[in-house]
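# A look at the structure
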Amino acid sequence: MSGSFNQVCFRTVGLPNPASLKTYRSVGGYEVLKRIITEKIPAAEIIAEIKLSGLRGRGGAGFPTGLKWTFMPRNYDGEKYLVCNSDEGEPGTFKDRDILRYNPHQIIEGMAIGAYTMGVKTAYNYIHGEIWAEYEIFERALDEARVAGLLGDNILGTDFTFNLYAHHGYGAYICGEETALIESIEGKKGQPRFKPPFPATYGVFGKPSTINNTETFASVPYILQHGGQNFLDLGVANSGGTKLFSISGHVEKPCNVEVNMGMPFPELLALAGGVWKGRKLKAVIPGGSSVPVVPADIMMQCTMDYDSIVKVGGSMLGAGSVIVMDETTDMVKTLDRLSYFYYEESCGQCTPCREGTGWLWRVVRRIAEGKGRMEDLDLLTDVSNNISGRTICALGDAAATPVLSFIKHFRPEFEYYIEHGRSMLKA
Amino acid sequence: MLSKQAIAKIDRELSKYPADQRRAAVMSALRIAQVEHGWLSKEAIADVAAYLGIPDIAALEVASFYNMYELEAVGKYKLTVCTNISCMLRDAEGIVEHLEHKLGVHCGETTADGKFTLREGECMGACGGAPLLLINNHEMREFLTPEKVDVMLEELN
Ligand SMILES: Cc1cc2nc3c(=O)[nH]c(=O)nc-3n(C[C@H](O)[C@H](O)[C@H](O)COP(=O)(O)O)c2cc1C
Ligand code: SF4
Ligand code: FES
């Protein structure tokens, strides 16, 4: 069932002025919000529809969105906050940027519906530091929505009041982690909080908060327009709907595509023009740099949904960030770069992560420089295992995962480096 | 000293947060000050802190935590090349080497005429446009080739 493209979050892609309110309205934008708030659709009904749709968080963890929305204390009186996570910085991920620049109003509408459902009046969209142009596009969309009476007090003449603001990051991968992001909104260093308490109890400014990814929010208007069952049927078991895939690296045409969940990987690869320069596929990281690498022959058997990537691929769908590596890729050098990234971006709060990421990187670097020892491979495994599960947030595990999976699948390349002081690809 | 224009911009940011949460605007206030001066001196950071009514150290902590703030003077144009995985696979290293050669500096350094600072950066969430770089944090150039880099340098010179 891989027929349709750009059907949900990318509805406006390809139309003139895709980011404008006029274009968004031309595809039915804000109709759902209007119906919900004028007919006062009960929150329970909205949540039931989201649950039926099978929508799972698109930020990487895949947590069921309908369920998350029930965690917010409905009758809490006092401020509550809604937060959109557009701090996309996981290497290989660039989908939210395209929603921001081509269809910002759908994020706004999805957040407004979420706010109505959870009884929230104020929300923030946290936008990654390096995409300034998209931040400005989003700010313009907010202005347009305010002028049109779609944000602010008494929206469309109802008693629904909702204010949404953009918060711009300034260069810290860790702020993608939801509690670091909350700290950052508060004007602090982006250091993750201990959980519990979870954001639904203690979030932005200490108030109950819900945080979802950009693509998650942007999927909501479609679901409520066409029904949960419709969205569910676009995908496969346990993976309802469509998904944006960011395809980068060694392909002819790196791109984002929105397709039905469950598309066979070879078809997805073909959408990006296939492996570049007529070369052979060596490996794929299917969900962003923090998920295990998958060798080509296994990857070619996978379909692009949560279950297949786990069960067949031994990896994770993550944020749908497909990094393609051809036969010339030096896996030791690639791991060296990734390990440096996690070392550089560790916030430094937990000893196993702060020390461990530095240690991993130095050992991988030593091997890449031709000065490695055979014991280093066990050492890397050991250090990785000692980080996993011993830290405040998942960045520690994220640093260990590439190390463990690269060595597992490409061990001979590492051994060759150690024995010969250079890559076997140049032999 | 923060200029009148900077204060107007900071006030707009402050309006996004509850009145008793002025600290929440520190990231944008620092960014606004940096755009004005090119980098963040101790004085600029103290001015931002004073305006928001927070301790200097709270503003300094933020300025040193996030990668895009500069705590020392940089060239007129700071060029940050992403060298993370998706960009690396499309020869970001070649772009860095070309820039190093053309500018006569290594990554992390500033040209003698104070015009360019060269940096390596982490994933910018734009991997489909690899290889790519940022000019002064806010302007992205994608699908780079050595030829395109040359044209860009001409334009900036
Ligand atoms: C180190 C780290 C980085 C993360 N980066 C992002 C990110 O860039 N975008 C995102 O939506 N979620 C990111 N997450 C996941 C968030 O913590 C959170 O689970 C997510 O925003 C929830 O939204 P969802 O349920 O809609 O996916 C990251 C998590 C970790 C541990
Ligand atoms: S695991 Fe690493 S990044 Fe996460 S809180 Fe601990 S030190 Fe910071
Ligand atoms: S790896 Fe360079 S922008 Fe993502």
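On a predicted model such as this, the values are computed, not experimentally measured, just so you know. (Residues numbered from 1 in each chain as written. Chains lettered and ligands numbered in written order. Predicted model: local features only at pLDDT ≥ 70, side-chain atom pairs only at ≥ 80, totals over all residues. Heavy atoms only, no water.)

### Notes on empty space enclosed by the protein
- For the coordinates displayed, the defined rule picks out three cavities of 30 Å³ or more.
- The volume enclosed by the largest cavity comes to roughly 70 Å³.
- Looking at the largest cavity, it is lined by 13 residues, and the ones nearest its centre are Cys347(A), Cys350(A), Cys353(A), Cys393(A) and Leu395(A).
- By residue class, the composition of the lining of the largest cavity is eight nonpolar, five polar and no charged.
- Volume-wise, the second largest cavity comes out at about 60 Å³.
- Every residue along the wall of the second largest cavity is listed here: Gly89(A), His128(A), Glu130(A), Gly171(A), Ala172(A), Tyr173(A), Phe341(A), Glu345(A), Asn67(B), Glu122(B) and Cys123(B). (1 Å grid on protein atoms, 1.4 Å probe; cavity = no way out; pocket = protein on both sides within 12 Å on 5 of 7 lines; lining within 4 Å. Points joined across faces, edges and corners; volume = space filled by probe spheres on them. Nonpolar A, V, L, I, M, F, W, Y, C, P; charged D, E, K, R; others polar.)

### What to know about the pattern of salt bridges
- Scanning the model with the defined rule gives 33 salt bridges over all chains in all.
- The salt bridge partner of Lys95(A) is Glu215(A), with a shortest N-O separation of 2.9 Å. Residue Lys95(A) is located in helix 5 (residues 95–102), and its partner Glu215(A) is located in helix 9 (residues 214–226); the two are separated by 120 residues in the primary sequence. A single burial state applies to Lys95(A) and to Glu215(A), both of which are buried.
- A salt bridge links Glu139(B) to Arg141(B); its shortest N-O distance comes to 2.7 Å. (Salt bridge = Lys/Arg side-chain N within 4 Å of Asp/Glu carboxyl O. Helix = DSSP H or I, 4+ residues; strand = E, 2+ residues; numbered from the N terminus. Buried < 20%, exposed > 50% of the residue type's maximum accessible area, 1.4 Å probe, protein only.)

### Quick notes on a negative patch on the surface
All names here are of chain B.
- Taken together, Asp91, Glu93, Glu97 and Glu120 make up a surface patch of like negative charges.
- When you line up the elements, Glu120 lands in strand 2 (residues 116–121).
- Since its relative accessible area comes to 47%, Glu120 is described here as partly exposed. (Patch = residues over 30% accessible without salt bridge, like charges linked within 9 Å, V, L, I, M, F, W, Y side chains within 5 Å. Areas by Shrake-Rupley, 256 points an atom, 1.4 Å probe, with all protein chains shown as cover. Lys, Arg positive; Asp, Glu negative; His and termini not counted. Charge placed at Lys NZ, Arg CZ, Asp CG, Glu CD.)

### Description of the interface of chain B and chain A
- Contacts between the two partners involve 40 residues from chain B, matched on the other side by 60 residues from chain A.
- Around 4100 Å² of area is buried between chain B and chain A when both sides are counted, 57% of it from carbon and sulfur atoms.
- The tally of links between chain B and chain A comes to four salt bridges.
- A salt bridge links Arg97(A) to Glu142(B), with the nearest nitrogen and oxygen atoms 3.0 Å apart.
- Our count for the chain B to chain A interface comes out at 24 residue pairs in polar contact (both at pLDDT 80 or more).
- Elements supplying a minimum of two residues to the side of chain B that touches chain A: helix 1 (4–14), helix 2 (26–37), helix 4 (56–65) and helix 5 (85–88) of chain B.
- The leading source of residues in the side of chain B that touches chain A is helix 2 of chain B, at four residues.
- Residue composition of the side of chain B that touches chain A, grouped by class: 19 nonpolar, 12 polar and nine charged. (Contact = heavy atoms within 4.5 Å. Buried area = accessible area lost by both parts, 1.4 Å probe. Polar contact = N/O pair within 3.5 Å; in protein donor to acceptor, adjacent residues only side chain to side chain.)

### Comments concerning the sheet that holds strand 3 (residues 133–135) of chain B
Residues and elements named next belong to chain B.
- Reading across the sheet, the four strands line up as 2-1-3-4 and stay open at both edges, with mixed pairing between neighbours. In this open sheet, the two strands that pair with only one neighbour each are strand 2 and strand 4 (139–141). Adjacent strand axes in the sheet meet at a mean angle of 25 degrees, parallel and antiparallel pairs treated alike.
- Direction of pairing for strand 3 relative to strand 4: antiparallel, over a ladder of three bridges. Counted as the bridge partner of Leu134 is Met140 from strand 4.
- Sitting on the sheet, helix 6 (residues 92–103) is in contact with strand 1 (77–82), strand 2 and strand 3, with an inclination near 155 degrees to strand 1. (Pairing = 2+ DSSP bridges. Axes fitted to C-alpha atoms, helices over the stretch in contact; angles between N-to-C directions.)

### Let's talk about the environment of Ile407(A)
Residues and elements named next belong to chain A.
- As for its placement among the helices and strands, Ile407 is situated in helix 17 (residues 395–420).
- What makes Ile407 buried here is its relative accessible area of 5%.
- Taking the C-alpha atoms as reference points, Ile407 and Val312, 95 residues apart in sequence, are found 19 Å from one another.
- Look past the residues within four positions of Ile407 in its chain and what remains in contact with it is Leu377, Leu380 and Phe414.

### Some words on the sheet that holds strand 11 (residues 321–326) of chain A
Residues and elements named next belong to chain A.
- As summarised here, the arrangement of the five strands in space is 6-5-11-8-9, forming an open sheet in which the pairing is mixed. Because the sheet does not close on itself, it has two edges, and the strands there are strand 6 (255–260) and strand 9 (294–295).
- The sheet contact formed by strand 8 (residues 281–285) and strand 11 spans four bridges and is antiparallel. Bridge pairing in strand 11 links Ala283 to Met325.
- Its contacts with the sheet place helix 5 against strand 5 (242–249) and strand 6, and it is angled at close to 115 degrees to strand 5.

### Quick notes on the side chain of Asn103(A)
Residue and element names in this part refer to chain A.
- With respect to the helices, strands and loops of the structure, Asn103 is situated in the loop between helix 5 and helix 6 (104–118).
- When its relative accessible area of 0% is taken as the criterion, Asn103 is described as buried.
- Within the structure, Asn103 has its side chain in polar contact with the backbone oxygen of Cys9 (distance 2.9 Å).
- Ignoring sequence-local partners within four residues, the contact set of Asn103 consists of Val8, Cys9, Arg11, Thr12, Tyr24 and Asp98.

### Some thoughts on the site of ligand 1
Residue and element names in this part refer to chain A.
- Taken together, 17 residues lie around ligand 1, and Gly59, Lys68, Asn212, Asn213 and Thr216 are the ones closest in.
- In this structure, Lys68 approaches ligand 1 through a side-chain N or O atom, which is 2.9 Å from an oxygen atom.
- One nitrogen or oxygen atom from the main chain of Glu178 is found 3.0 Å from an oxygen atom belonging to ligand 1.
- The cavity that encloses ligand 1 is the largest pocket.
- At three residues, strand 4 (residues 209–213) tops the list of elements feeding residues into the shell around ligand 1.
- Its residues assigned to classes, the shell around ligand 1 shows three nonpolar, eight polar and six charged. (Near = heavy atom within 4 Å. Sits in = over half its atoms within 2 Å of the grid points.)

### Side note on the packing of aromatic side chains
- For the structure shown, the criterion picks out 20 aromatic pairs over all chains.
- Through successive ring pairs, a cluster of aromatic residues spans Tyr81(A), Tyr124(A), Tyr165(A), Phe205(A) and Tyr17(B).
- Sitting over the face of the ring of Phe245(A), Lys243(A) holds its NZ or CZ atom 5.9 Å from the ring centroid. (Phe/Tyr/Trp six-rings, centres within 6.5 Å; stacked < 30°, edge-to-face > 60°. Lys NZ or Arg CZ within 6 Å of the ring centre and 35° of its normal.)

Function cannot be inferred from these measures alone, as they are strictly geometric.
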